[in-house]
Amino acid sequence: MVWAAALTGFVVGVLVRALADGFEPDPVDPRAEARRAFAGLPGRVRLAKPVIEPATAAVFALLAWRMEPVYLPALLYAAAVGSALAVIDWRTQRLPDVLTLPSYPILALLLLPTGRLPDALLGGAALLLLYGVLWFVRPTAMGLGDVKLAGLIGMAAGAVGWNAWVAAALAGQLLGALYAIALLVLRKADRSAEFPFGPFMLAGALCLAW
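Please read all numbers here as calculations on a predicted model, not as lab measurements.

1. A short note on the overall build of the chain
Link 1 in the chain: The number of helices and strands found in the chain is ten helices and zero strands.
Link 2 in the chain: By the compact-globule yardstick of 17 Å for 210 residues, the chain fits well, its C-alpha radius of gyration being 17 Å.
Link 3 in the chain: Seen through its C-alpha atoms, the chain measures out along the principal axes to roughly 45 × 40 × 35 Å.
Link 4 in the chain: Across the 210 residues of the chain, 46% fall into the buried class.
Link 5 in the chain: For the chain, the share of sequence-separated contacts (at least 6 apart) that also reach a separation of at least 24 residues comes to 74%.
Link 6 in the chain: Of the roughly 11100 Å² of accessible surface on the chain, a fraction of 70% belongs to carbon and sulfur atoms.
Link 7 in the chain: The distance from the centre of the 16 positive side-chain charges to the centre of the 13 negative ones in the chain is 5 Å.

Dropping the structure here:
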């Protein structure tokens, strides 16, 4: 199961790389960009200095190793979308709605067989609200894309359990803070510098597997 998940994750990583290449930092028409990104996916598939692929494979393997089988369809879907969002956000500082918004109903449907959908919806709403408050207080510190992503992370973690929800919520903030401190210490940026926060939120979400 773990090796099969890792192989699947590697293939997903190849597709994630190709999909991410189709997104730009500031598109004139996000909907047209999304259509082009998906339509041109086969032509951009390649293997060059693979980093995304083994990372995605490792995430899939971790989930297959640690999580109960009933959770795997939902969590592997979340991992695939999360990998794409992490790469896109790192490259463009955007979390496209075309990936985040449809993932809400898809994730809900995949979580339905677990019997934990009410907890998932409550967890998603709670983390969405928390990040919404953080965005309202400091809109320069994060974007609305981060708020939308928080709802998905909250759903996945809430389905696993509230301890996982707390760990995932706190870990993302902690990792982002550590990165910001490292930038300051290394004098790579000042206090006003902005950086993509989505990858740290998604890395922190892996705490639900522990």
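2. Observations concerning the packing of helix α6 (residues 97-111) against helix α8 (residues 144-160)
Link 1 in the chain: Relative to each other, α6 and α8 sit at 15°, their axes nearing to 9 Å. Judged by the inter-axis angle, α6 sits roughly parallel to α8. Seen from above, α6 lies across α8 with left-handed handedness. Between α6 and α8, the residues in contact are Asp 97, Thr 100, Leu 101, Ser 103, Tyr 104, Leu 107, Ala 108 and Leu 111 and Val 147, Lys 148, Gly 151, Leu 152, Met 155, Ala 156 and Ala 159, respectively.
Link 2 in the chain: Split into classes, the residues belonging to the contact of α6 with α8 amount to ten nonpolar, three polar and two charged.

3. Considering helix α9 (residues 162-185)
Link 1 in the chain: For α9, with 24 residues, the first-to-last C-alpha span of 34 Å sits near the 34 Å given by 1.5 Å per residue.
Link 2 in the chain: Buried within α9 we find Ala 164, Trp 165, Ala 168, Ala 169, Ala 171, Gly 172, Gly 176 and Leu 183.
Link 3 in the chain: Two residues or fewer after α9 comes Arg 187, characterised by a positive phi angle close to 55°.

4. Concerning the environment of Leu 109
Link 1 in the chain: The topology assignment puts Leu 109 in helix α6.
Link 2 in the chain: Sequence-wise, Leu 109 and Ala 141 are 32 residues apart; in three dimensions their C-alpha atoms are separated by 32 Å.

5. Quick look at unusual backbone geometry
Peptide bonds are, in most cases, trans, and in most cases residues other than glycine have a negative phi.
Link 1 in the chain: Unlike most non-glycine residues, Gln 93 shows phi in positive territory, near 55°.
Link 2 in the chain: If you trace the backbone, Gln 93 turns up in the loop between α5 (72-92) and α6.

6. Section: the side chain of Arg 94
Link 1 in the chain: Its location among the elements puts Arg 94 in the loop between α5 and α6.
Link 2 in the chain: A relative accessible area of 15% places Arg 94 in the buried class.
Link 3 in the chain: Within the structure, Arg 94 has its side chain in polar contact with the side chain of Glu 33 (distance 3.1 Å).
Link 4 in the chain: For Arg 94, the residues in contact, after removing those within four places along its chain, are Phe 23, Glu 24, Pro 25, Asp 26, Pro 27, Pro 30, Glu 33, Ile 88 and Asp 89.

7. What about the nonpolar core?
Inside soluble globular proteins, nonpolar side chains tend to come together where they are buried.
Link 1 in the chain: Residues Leu 63, Leu 111, Tyr 131, Ile 153 and Leu 208 are the most contacted members of the largest nonpolar core, which totals 57 residues.
Link 2 in the chain: Within the residue set of this core, elements represented by two or more residues are α1 (2-20), α4 (52-66), α5, α6, α7 (117-137), α8, α9 and α10 (198-205).
Link 3 in the chain: Per element, the largest residue contribution to this core is ten residues, and it comes from α5.

8. Regarding the side chain of Arg 44
Link 1 in the chain: Tracing the backbone through its elements, the reader meets Arg 44 in helix α3 (residues 41-44).
Link 2 in the chain: Within the buried core, Arg 44 has no salt-bridge partner, and the shortest N-O distance to an opposite charge, that of Asp 21, equals 5.4 Å.
Link 3 in the chain: Sequence-distant contacts of Arg 44, defined by excluding residues within four places in its chain, comprise Ala 18, Leu 19, Asp 21, Gly 22, Arg 36 and Ala 37.

9. A look at α1
Residues that lie three or four places apart on an α-helix share one face, since the helix turns once every 3.6 residues.
Link 1 in the chain: Taking 1.5 Å per residue as the helical rise, α1 with its 19 residues ought to reach 27 Å, and the 26 Å between its terminal C-alpha atoms agrees with that figure.
Link 2 in the chain: Along α1, the positions that sit buried rather than exposed are Ala 5, Ala 6, Gly 9, Val 12, Gly 13, Val 14, Val 16, Arg 17, Ala 18, Leu 19 and Ala 20.
Link 3 in the chain: On its buried face, α1 sits against α2 (30-39), α3, α4, α5 and α6.

Thresholds, definitions, all that
- Residues numbered from 1 in each chain as written.
- Predicted model: local features only at pLDDT ≥ 70, side-chain atom pairs only at ≥ 80, totals over all residues.
- Heavy atoms only, no water.
- Helix = DSSP H or I, 4+ residues; strand = E, 2+ residues; numbered from the N terminus.
- Rg over C-alpha atoms; globule rule 2.2 N^0.38 Å.
- Buried < 20%, exposed > 50% of the residue type's maximum accessible area, 1.4 Å probe, protein only.
- Contact = heavy atoms within 4.5 Å.
- Areas by Shrake-Rupley, 256 points an atom, 1.4 Å probe, with all protein chains shown as cover.
- Lys, Arg positive; Asp, Glu negative; His and termini not counted.
- Charge placed at Lys NZ, Arg CZ, Asp CG, Glu CD.
- Axes fitted to C-alpha atoms, helices over the stretch in contact; angles between N-to-C directions.
- Parallel < 35°, antiparallel > 145°, perpendicular 65-115°, else oblique.
- Left-handed = near helix turned anticlockwise from the far one by under 90°.
- Nonpolar A, V, L, I, M, F, W, Y, C, P; charged D, E, K, R; others polar.
- Expected span 1.5 Å × (residues − 1).
- Polar contact = N/O pair within 3.5 Å; in protein donor to acceptor, adjacent residues only side chain to side chain.
- Core = buried A, V, L, I, M, F, W, Y, C linked by side-chain atoms within 4.5 Å.
- Salt bridge = Lys/Arg side-chain N within 4 Å of Asp/Glu carboxyl O.

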